[in-house]
Amino acid sequence: MSQLQRKALFNEKGDIELSKRRMINGNTTNLNDFNNMKYSWASDWYRHAMNNFWIPEEINLTQDVKDYRNLSKEEKTAYDKILSFLIFLDSIQTANLPNVGEYITANEVNLCLTIQAYQEAIHSQSYGYILDTICSPEERTDILYQWKDDPTLLARNKFIGDRYNEFYDDRSDFNLLKTIVANYILEGIYFYSGFMFFYALGRIGKMPGTVQEIRYINRDENAHLWLFRSILIELKKEEPQLFNEENEKIFRDMIKQGVEEEIKWAHYAIGNGIEGLSLSMIEDYLKYLGNLRCKGLGFEEIYEGYSKEPESMKWVSEYSDPNAIKTDFFEAKVSAYSKSSIIEDDL
Ligand SMILES: [Fe+2]
Ligand SMILES: [Fe+2]
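Residues numbered from 1 in each chain as written. Chains lettered and ligands numbered in written order. Predicted model: local features only at pLDDT ≥ 70, side-chain atom pairs only at ≥ 80, totals over all residues. Heavy atoms only, no water.

A. Geometry of the coordination of the iron ion (ligand 2). Within the first shell, the iron ion (ligand 2) binds the protein through Glu 120 (OE), Glu 187 (OE), Glu 187 (OE), Glu 221 (OE) and His 224 (ND1), at distances of 2.0 to 2.4 Å. If you list the donors of the iron ion (ligand 2) from N- to C-terminus, the spacing comes out as E-x66-E-x33-E-x2-H. Separation of the iron ion (ligand 2) from the iron ion (ligand 1) amounts to 3.4 Å, with Glu 120 serving as a shared donor to the pair. Here Glu 221 lies in helix 8 (residues 208–238) and Glu 187 lies in helix 7 (residues 173–203), a separation of 34 residues in the sequence. Each of the two residues, Glu 187 as well as Glu 221, counts as buried. (Donors = N, O, S within 2.8 Å, 3.2 Å for Na, K, Ca; no water. Helix = DSSP H or I, 4+ residues; strand = E, 2+ residues; numbered from the N terminus. Buried < 20%, exposed > 50% of the residue type's maximum accessible area, 1.4 Å probe, protein only.)

See the structure below:
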């Protein structure tokens, strides 16, 4: 483990040659040069992310205002708690991404992180719009602060928050790696029980506006997952010592813990009282996701027998499929922003 040098800011003596560009520990000039990128995937990613532009307020929440008053007790509890969790996750993402960017010395990747932070801000904007539209001011405050007022939710948030704080307090290469893996878990596992719950409501015709907001958020989070996986794969090539057997075990255990925390959370926040969504369905899906995330980084799978998307959960990817988002499900006005067709299907 070694301490990282924060990247230079104004640095006319930085390296210009692409061959010298590195993900971390490079000597960057910080020049934004779209025509000279070492990491060509960054160009695809950037254009893809820009084409995902959307405006939360263009989604109609009229039906949701009525539906929210008629949710069952279980549905409302889950809705409020999951929304509170997502609000926290997007907020900490917005705050933490610049910390990661301070040590990334590939400028094209910093451009991507900047777009990601902007999208996380749009996600927070969408939650604000949902809360302002469907809740009373008291309900709004209650949902907004459950992330720290609900002890179970606070304990959950600490798992990711502590990893981020470790790097914030001690800028070592190993802590940066753990922060990046925590990001990968957050984007690729943590959001999903929330997404699943909202899609389950969508399947029974409830809260259609929230479901649409979530589908757009899900599409962005997919891109963020793609970005962090790409960063990790490049780091594995450039800094193989950080991926020694011992560290890989730590990263894999983090993914496993991420899955387990998510399953515990589903027991607490969702339970078995939601039509069309049982805890065993959620557990199957999360174990499958944990395996998929391991495979994405070239790690061995964690859960035997969970290599394929469970049949009972096929509808989740129908809702979250970034390509389907452009066609049937959305109002023409909103979907017209999206012109992108580049997406990695295995995310
Ligand atoms: Fe987000
Ligand atoms: Fe994200």
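Still more to cover.
B. A look at the pattern of salt bridges. Per the counting criterion, the structure on display carries 23 salt bridges. Note that Asp 80 and Lys 76 form a salt bridge whose closest N and O atoms lie 2.8 Å from each other. Placement of both Asp 80 and Lys 76 in helix 3 (residues 73–101) is noted, with a separation of 4 residues, approximately one turn of the helix. The class for Asp 80 is buried, based on a relative accessible area of 6%. A salt bridge links Lys 236 to Glu 248; the nearest nitrogen and oxygen atoms lie 3.8 Å apart. Taken as a pair, Lys 236 in helix 8 and Glu 248 in helix 9 (residues 245–269) lie far apart in primary sequence, 12 residues in all. Since its relative accessible area comes to 23%, Glu 248 is described here as partly exposed. Connected through salt bridges with shared partners, the residues Arg 69, Lys 76, Asp 80 and Glu 139 form a single ionic network. (Salt bridge = Lys/Arg side-chain N within 4 Å of Asp/Glu carboxyl O.)

C. A look at helix 9. The first and last C-alpha atoms of helix 9 sit 36 Å apart over 25 residues, in line with the 36 Å expected at 1.5 Å per residue. Residues of helix 9 that are buried: Asn 247, Phe 251, Met 254, Ile 255, Gly 258, Val 259, Glu 261, Glu 262, Ile 263, Trp 265, Ala 266 and Ala 269. Packing partners of the buried residues in helix 9 comprise helix 3, helix 6 (151–169), helix 7 and helix 10 (279–296). Two residues or fewer past helix 9, Gly 271 is found with a positive phi of approximately 70 degrees. (Expected span 1.5 Å × (residues − 1). Contact = heavy atoms within 4.5 Å.)

D. Main features of the coordination of the iron ion (ligand 1). Taken together, Asp 90 (OD), Glu 120 (OE), His 123 (ND1) and Glu 221 (OE) make up the full set of protein donors to the iron ion (ligand 1), lying 1.8 to 2.1 Å away. Each donor residue of the iron ion (ligand 1) lies on one chain, and together they are spaced D-x29-E-x2-H-x97-E.

As far as function goes, none of this settles anything; it's purely spatial.
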